[in-house]
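# A closer look at the structure
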Amino acid sequence: MASSLCIFVLVLCIGAASAGHDYGAALSKSILFYEAQRSGFLPSDQRVNWRSHSGLQDGKANGVDLVGGYYDAGDNVKFGLPMAFTVTMLSWSVIEYGKQMASSGELSHAMEAIKWGSDYLIKAHPEADVLYGEVGDGISDHYCWQRPEDMTTPRQAYRIDANHPGSDLAGETAAAMAAASIVFRHSNPAYSNELLNHARQLFTFADKYRGKYDSSITVAQKYYGSRSGYADELLWAAAWLHEATGELSYMNYLIGNAGPLGGTGWAMTEFSWDVKYAGVQVLASKFLMQGRGKASEAVLQNYQKKAEYFLCACMQKGNQNVQRTPGGLLYVQKWNNIQFVTSASFLLSVYSDYLTSAGKSLQCAKGSAQPSELIAFAKSQIDYILGDNPRATSYMVGYGSNYPRQVHHRASSIVSYKVDSSFVSCKGGYSNWFSRKTSDPNVLVGAIVGGPDSNDNFADERDNYEQTEPATYNNGPLIGTLARLTSGAGYNQLLPVAVPNPTNKPKPSPSPSTKPQLSPSPATKPKPSPSPAGEPKSPNNPSLSVSQAVTSSWNYNGRTYYRYSTTVTNKSNQTVKNLKLSIQGLYGPVWGLSKTEDSFYSYPKWLQSLSPGQSFDFVYIHAGPQASISVSSYDMN
């Protein structure tokens, strides 16, 4: 234990002494990786120019067009469940950190990566209760080592339907389409609505015809079997549909099924393409901190407790913590462990920002953690991946000078089709290319490989698939975290607040803009209220003053939201106790006040009185002019 601690401390010291990482460059490379994973007709602006068209007959034998989408890892199979999860996480990354991606010049590329996947998911859903979940099969594919351009393996397509259900696959695909619909809401509203219609249908299909998808698509069992079942995906889909539409029916589903489907029962220590509970719980926590679902706050609070169980486990402050390597990397399993690191880092990042916005900290069984600690730990995980580790190895291909050169990846390990179009056979690929002990002829820039073992050991060998195979779902959450890190330590991700909608219908999308505008943007400050807010009504007793100021504004779902900072100051020479404030015209959440039983507000919990000259602040957010705040009553002594 002592030696492990020393190594860990040494790594931290090395990281602190280094010049730091270029997160912008890492972000660009990690998005570029998706172009290397493309299946179908490649566009004219394809940047990974050693790839060419492939899978052009996909779906034809089944009478459906399934050309496009992504190869999930180093093979040539299109697996629907991890592909949909990849689209969901890419979309969530853009939803949270689109502004940072735009600043890095990568927002359009990230949106293109999402659309390449969502276009395919639309094709895979030709009927309301039909969804194609796989093209090709792992058994025949793994028998061959061929470029995608040369594939001779069967391209059978496998589907779920009412008689062969797959709630996990349909639920994840619904989540992906709902999340993607948010991404394209302003830049392409017609496409956004199309995605949302598919998401609604798929959620209904998933919920009505329940069953595990790998019981219907049995060829997926060995490769992407659904260990967690489908309950988590049903909640995940409902959460994303609520996020996309604001409709209470999806919130009610999330609340009503919190217990039956395990949302408030399962306390997890992993988040992945298979196990979505931690993601659901973090989203539900976001809803809580935004002031949504006020009638069901107790249930949302239970979701939050489970979200914080996961985060505390990552931070080593829980009753059951995630294992770490001696070098400090989160460790879950020996095969492709980094997938769990990137997904956990993303949840830590967004939750850190939610807490900052709400003025709260993470409460754990073994102590609390400030938001800054969460983002610092997420940063340490990303820094490890990029090279701050005992081996000084970057686990992102093409980043740094010491990165994997023998990646377990068919396309990158065989000479480019554009350089030599000579046919590569199944066995010929193994004998002539797979067995070579030299660097890949094509650099798979941005790929995140499986990573080291529990002792930080790593063997850069092509047949070491547990450590050297990349996957699309490794990069999805990483992209969001990298974008977050480009903004530095002082960034505050404000929570957009849901405004009650009496019609319970999604608001129409605004007219399309010439460029995607997904992130907070400057807005004109609202005009002040006609009358000053906050002074005591009695002119003979000006003991307390209340001042307000707009500190930030941003656009969300076509509305402009304002963050108001309010200061209450005791201007008298006596101590003020039992303060009651009245707030009128407020329909967003308040942070920094305690609500009394008679619907007034009082001091924050940590403050009992206000000494002469002392002040305290509180914050509220809503889409409108400042609220009317007045002093209702107080005592002085």
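Since the model is a prediction, treat every value here as computed from it, not as a measurement.

## Let's talk about the state of the cysteines
Counted according to the given criterion, the structure contains 2 disulfides. The disulfide partner of C144 is C426, and the S-S distance across this bridge is 1.7 Å. Between C144 and C426, the disulfide has an S-S torsion of 65 degrees and is therefore right-handed. Highlighted residues: C144 in the loop between α5 (138-143) and β3 (157-160) and C426 in helix α17 (residues 426-434), separated in sequence by 282 residues.

## Overview of the nonpolar core
Membership of the largest hydrophobic core comes to 152 residues, with the highest contact counts inside it found for W92, W236, W240, L347, Y351, L362 and L482. Top contributing element to this core by residue count: helix α3 (residues 80-103), with 12 residues. Leaving out residues up to four positions away in the same chain, L482 has contacts with Y23, A26, L27, S30, I382, L386 and M396. By size, the runner-up hydrophobic cluster in this structure holds 22 residues, among which are L581, Y601, F616 and A627.

## Section: the UniProt feature "active site" (unreviewed entry) in the chain
Under the feature "active site" (unreviewed entry), the UniProt entry names H408. Mapped onto the elements, H408 comes out in the loop between α15 (371-386) and α16 (410-413). Once residues lying within four places of it in the same chain are set aside, the contact partners of H408 are G74, W145, F434, R462, D463, Y465, T468, E469 and P470.

## So, helix α19 (residues 472-485)
Across its 14 residues, α19 extends 21 Å between first and last C-alpha, which sits within 8% of the 20 Å expected from 1.5 Å per residue. Along α19, the largest kink reaches about 30 degrees and is centred on L478.

## Looking at the sheet that holds strand β2 (residues 131-135)
Each strand in a sheet pairs with its neighbour through backbone hydrogen bonds, running either in the same direction (parallel) or in the opposite one (antiparallel). What the 3 strands build is an open sheet, ordered β1-β2-β3; its pairing is antiparallel. For this open sheet the edge positions go to β1 (78-79) and β3, each flanked by a neighbour on one side alone. Of the strand pairs in this sheet, β2 and β3 are connected by 4 bridges, and their pairing is antiparallel. Within the sheet, the bridge partner assigned to V135 lies in β3 and is A157.

## Here we look at the environment of V219
Summarising the element assignment, V219 is placed in the loop between α8 (213-216) and α9 (221-224). Note on V219: relative accessible area 25%, which makes it partly exposed. Taking the C-alpha atoms as reference, V219 lies 8.9 Å from E134; in sequence the two are 85 residues apart.

## Considering unusual backbone geometry
For residues besides glycine, phi is generally negative; the peptide bonds are generally trans as well. One non-glycine residue, N336, lies in the positive phi region at around 45 degrees. Mapping N336 onto the fold places it in the loop between β5 (330-331) and α14 (338-358). We classify N336 as buried; its relative accessible area is 3%. In the Ramachandran plot, A392 falls in the positive-phi region, its phi being about 55 degrees despite a non-glycine side chain. Turning to its location among the elements, A392 is positioned in the loop between α15 and α16.

## Some points on α14
With 21 residues, α14 extends 30 Å between its outermost C-alpha atoms, agreeing within 8% with the 30 Å of an ideal straight helix rising 1.5 Å per residue. Burial within α14 is extensive, with 20 of its 21 residues counted as buried.

## Some remarks on the side chain of D353
Relative to the elements of secondary structure, D353 occurs in helix α14. Using a relative accessible area of 0% as the deciding quantity, one classes D353 as buried. A polar contact is formed between the side chain of D353 and the side chain of Y97, at a distance of 2.8 Å.

## Let's talk about the packing of α3 against helix α4 (residues 107-123)
Viewed as axis vectors pointing N to C, α3 and α4 meet at an angle of 155 degrees, and their least axial separation amounts to 9 Å. What the angle tells us is that α3 and α4 run roughly antiparallel. Considering the relative orientation of α3 and α4, their crossing is left-handed. Two secondary-structure elements touch here, α3 through M83, A84, V87, L90, S91, V94, G98, M101 and A102 and α4 through L107, A110, A113, I114, G117, S118, Y120 and L121. Its residues assigned to classes, the contact of α3 with α4 comprises 13 nonpolar, 4 polar and no charged.

Scoring rules and cut-offs
Residues numbered from 1 in each chain as written. Predicted model: local features only at pLDDT ≥ 70, side-chain atom pairs only at ≥ 80, totals over all residues. Heavy atoms only, no water. Disulfide = S-S within 2.5 Å. Helix = DSSP H or I, 4+ residues; strand = E, 2+ residues; numbered from the N terminus. Core = buried A, V, L, I, M, F, W, Y, C linked by side-chain atoms within 4.5 Å. Buried < 20%, exposed > 50% of the residue type's maximum accessible area, 1.4 Å probe, protein only. Contact = heavy atoms within 4.5 Å. UniProt positions renumbered as here; feature names shortened; annotations may be inferred. Expected span 1.5 Å × (residues − 1). Bend = angle between axes of the 7 residues up to and from the residue. Pairing = 2+ DSSP bridges. Polar contact = N/O pair within 3.5 Å; in protein donor to acceptor, adjacent residues only side chain to side chain. Axes fitted to C-alpha atoms, helices over the stretch in contact; angles between N-to-C directions. Parallel < 35°, antiparallel > 145°, perpendicular 65-115°, else oblique. Left-handed = near helix turned anticlockwise from the far one by under 90°. Nonpolar A, V, L, I, M, F, W, Y, C, P; charged D, E, K, R; others polar.

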